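# Examining the three-dimensional arrangement
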Amino acid sequence: MRLYAKISGIAAGLICASTLASQAQVACEQYRATVGDTLLGIAMKAYGTKEYQKIYGANREAIGSNPDLLRVGTLLTIPCADGSLPATAEQKAPDAETIAAQAARVAEQTKAQEAMPITLITGNGFLPFTDERLPGRGLFTELVETSVLRADAKQKLNVIFINDWASHLDTLLPLMAFDGSFPWTKPDCSQPAALSADDRYRCENYNFSEPFYEVVDGLFSRKGSGFAEALSHDELKGTRICRPEGLSTAHLASVGLAEPDVTFLRPERVATCFEALMAGQVDIVAVESQQATGTIAMMKLQDEVVENPNLGEVNALHVVVHKQNPRGREVLDVLNAGLGNMLESGEWYDIVSGALKRQDALRVNLSTQTGHCRNQKAPRGAF
């Protein structure tokens, strides 16, 4: 079930303002496409929603096979709200003077839009990649911010932290409250039948940046449980696996670890997974290895939790944008161009090595601490 009720105050304000600005203008009549028109924009004006497929279905012959290519002057029949078609009434094509005026207006709007900042969302607790308490607010945050700077020094970027990770893809990006979110793994979209419903949804509705970083998704268990010695994923069938909410389970499903063969626990925090592991509520924690190592160090579990060295899997992390976001392709182009510049100059390696050195220093510091806090639970918000 999609979590459409999960909207933060700032997002709700943006969504509400957008909806009020796009009340019905051209529903149930004919409309002549002008400079800057898109089917999505016309649908928002006509219905206050993104139901452009209804308009495309009624005008497929006039538009052609690609709904993204809407020619100036195309006469569209805009269906009524109930789906019925209005009576036809030919409209005159705009003259050259009208088109020139429309083009000037669109140019002004485009210039204003270019001055708008790109706004991306991420969340806390993904050590060492995203967290407001880390230097640079995390390794991945630093990579994203630097990529925008290297692509266009004039382009402003806002990064907002919203800790309800599931709401990013389920609610906030579909409602165009933000331009994109990070970091997310990309399922194998070429094999939709093998994907879970959530991963198919991700493939159908999102575009992905070039990979910014590769991680190892590891499997962690209590020492002495025997799960760390497993040589195949089949040996883990029948287990209880904890993987935080919002993280893809595609790589687990691809090796046969999907319900009902395993039972999933999906809390909000990684620390909650390790608490459940120590309480005997789950058998395995499936999470990114660096993040897990930081959590284990913080919770003082180095002598009690081990990683399976045989069954780790490498996955790439991306920025995602919704396919219906009119700025989506532009945002990805900026990010990808900046990332390419960073890789070519070596700056990507400098940022990554610096962040990992800080992470190693933190882990060593935590692992050498002793005293009465040895068996205490990690505080709320711990990585």
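Residues numbered from 1 in each chain as written. Predicted model: local features only at pLDDT ≥ 70, side-chain atom pairs only at ≥ 80, totals over all residues. Heavy atoms only, no water.

### Things to note about the pattern of salt bridges
Inspection of the entire model under this criterion finds 10 salt bridges. Notably, a salt bridge pairs Arg 150 with Glu 347, separated by 2.7 Å at the nearest N-O pair. Of this pair, Arg 150 sits in helix H6 (residues 139–151) while Glu 347 sits in helix H13 (residues 347–368); the two residues are 197 residues apart in sequence, bridging distant segments of the chain. Where Arg 243 meets Asp 217, a salt bridge forms, and the shortest distance between an N and an O atom there is 3.7 Å. Placement of Arg 243 in the loop between strand S8 (240–242) and helix H9 (250–253) and of Asp 217 in strand S7 (residues 213–222) is noted, with a sequence separation of 26 residues between them. As far as burial versus exposure is concerned, Arg 243 and Asp 217 are alike and both buried. Shared partners join several salt bridges into a network, and the residues in it are Asp 179, Arg 327 and Glu 330. (Salt bridge = Lys/Arg side-chain N within 4 Å of Asp/Glu carboxyl O. Helix = DSSP H or I, 4+ residues; strand = E, 2+ residues; numbered from the N terminus. Buried < 20%, exposed > 50% of the residue type's maximum accessible area, 1.4 Å probe, protein only.)

### Some points on the confidence of the model for the chain
With 80% of its residues at a pLDDT of 70 or more, the chain shows a mean pLDDT of 81. By mean pLDDT, helix H1 (residues 9–20) is the weakest element of the chain at 39, and S8 is the strongest at 97. In the predicted structure, residues 1–24 sits below a pLDDT of 50 and forms 37 contacts with residues beyond four places in sequence or in another chain. Under a pLDDT of 50 for its full length, residues 369–383 has, in the predicted model, 28 contacts with residues more than four places off or in other chains. (pLDDT = per-residue confidence, 0-100. Contact = heavy atoms within 4.5 Å.)

### Notes on H6
In this model H6 runs 18 Å from its N-terminal to its C-terminal C-alpha over 13 residues, within 8% of the 18 Å that 1.5 Å per residue would give. Among the residues of H6, those classed as buried are Leu 139, Phe 140, Thr 141, Leu 143, Val 144, Thr 146, Ser 147 and Val 148. (Expected span 1.5 Å × (residues − 1).)

### Digging into the state of the cysteines
The tally for this structure, following the rule as stated, stands at three disulfides. Between the sulfur atoms of Cys 28 and its disulfide mate Cys 80 the distance is 1.9 Å. The disulfide joining Cys 28 to Cys 80 has a torsion of about 55° about its S-S bond and is therefore right-handed. In this pair, Cys 28 is assigned in the loop between H1 and strand S1 (29–32) and Cys 80 in the loop between strand S2 (75–78) and helix H5 (96–114), connecting sequence segments 52 residues apart. Judged by relative accessible area, which is 8%, Cys 80 ranks as buried. Cys 242 shares a disulfide with Cys 273; S-S distance 2.0 Å. The chirality of the disulfide connecting Cys 242 with Cys 273 is left-handed, given an S-S dihedral of about -75°. Of this pair, Cys 242 sits in strand S8 while Cys 273 sits in helix H10 (residues 270–278), and the two are 31 residues apart along the sequence. (Disulfide = S-S within 2.5 Å.)

### Looking at the environment of Arg 32
Among the structural elements, Arg 32 can be located in strand S1. In this structure, the C-alpha to C-alpha distance between Arg 32 and Val 72, residues 40 residues apart in sequence, is 7.8 Å. One polar contact links the side chain of Arg 32 to the main-chain carbonyl oxygen of Gly 73, over a distance of 2.7 Å. (Polar contact = N/O pair within 3.5 Å; in protein donor to acceptor, adjacent residues only side chain to side chain.)

### Topic: the nonpolar core
Formed by 42 residues in total, the largest nonpolar core has its most connected members in Phe 140 and Val 144. Looking at which element gives the most residues to this core, the answer is helix H12 (residues 328–345), with six residues. With residues up to four places along the chain from it excluded, the contact list for Phe 140 reads Phe 129, Thr 130, Phe 182, Pro 183, Phe 212, Tyr 213, Leu 317, His 318 and Val 319. Among the nonpolar cores identified, the runner-up in size contains 16 residues, and Val 270, Phe 274, Ile 296 and Val 305 belong to it. (Core = buried A, V, L, I, M, F, W, Y, C linked by side-chain atoms within 4.5 Å.)

### Points about the packing of aromatic side chains
Here the structure, examined in full by the defined rule, presents nine aromatic pairs. Between Phe 126 and Phe 129, the ring centres sit 5.0 Å apart and the planes meet at 55°, which makes this aromatic pair tilted. Note on accessibility: Phe 126 and Phe 129 belong to one class, buried. Judged by centre distance (5.8 Å) and plane angle (75°), the ring pair of Trp 165 and Trp 184 falls under edge-to-face. Of this pair, Trp 165 sits in helix H7 (residues 165–172) while Trp 184 sits in strand S5 (residues 180–185), and the two are 19 residues apart along the sequence. The buried category is assigned to Trp 165, whose relative accessible area is 12%. When its relative accessible area of 3% is taken as the criterion, Trp 184 is described as buried. An aromatic cluster of at least three residues, connected via ring pairs, comprises Phe 126, Phe 129, Tyr 213, Trp 348 and Tyr 349. Above the face of the Tyr 47 ring, Lys 54 is positioned so that its terminal group lies 4.6 Å from the ring centre. (Phe/Tyr/Trp six-rings, centres within 6.5 Å; stacked < 30°, edge-to-face > 60°. Lys NZ or Arg CZ within 6 Å of the ring centre and 35° of its normal.)

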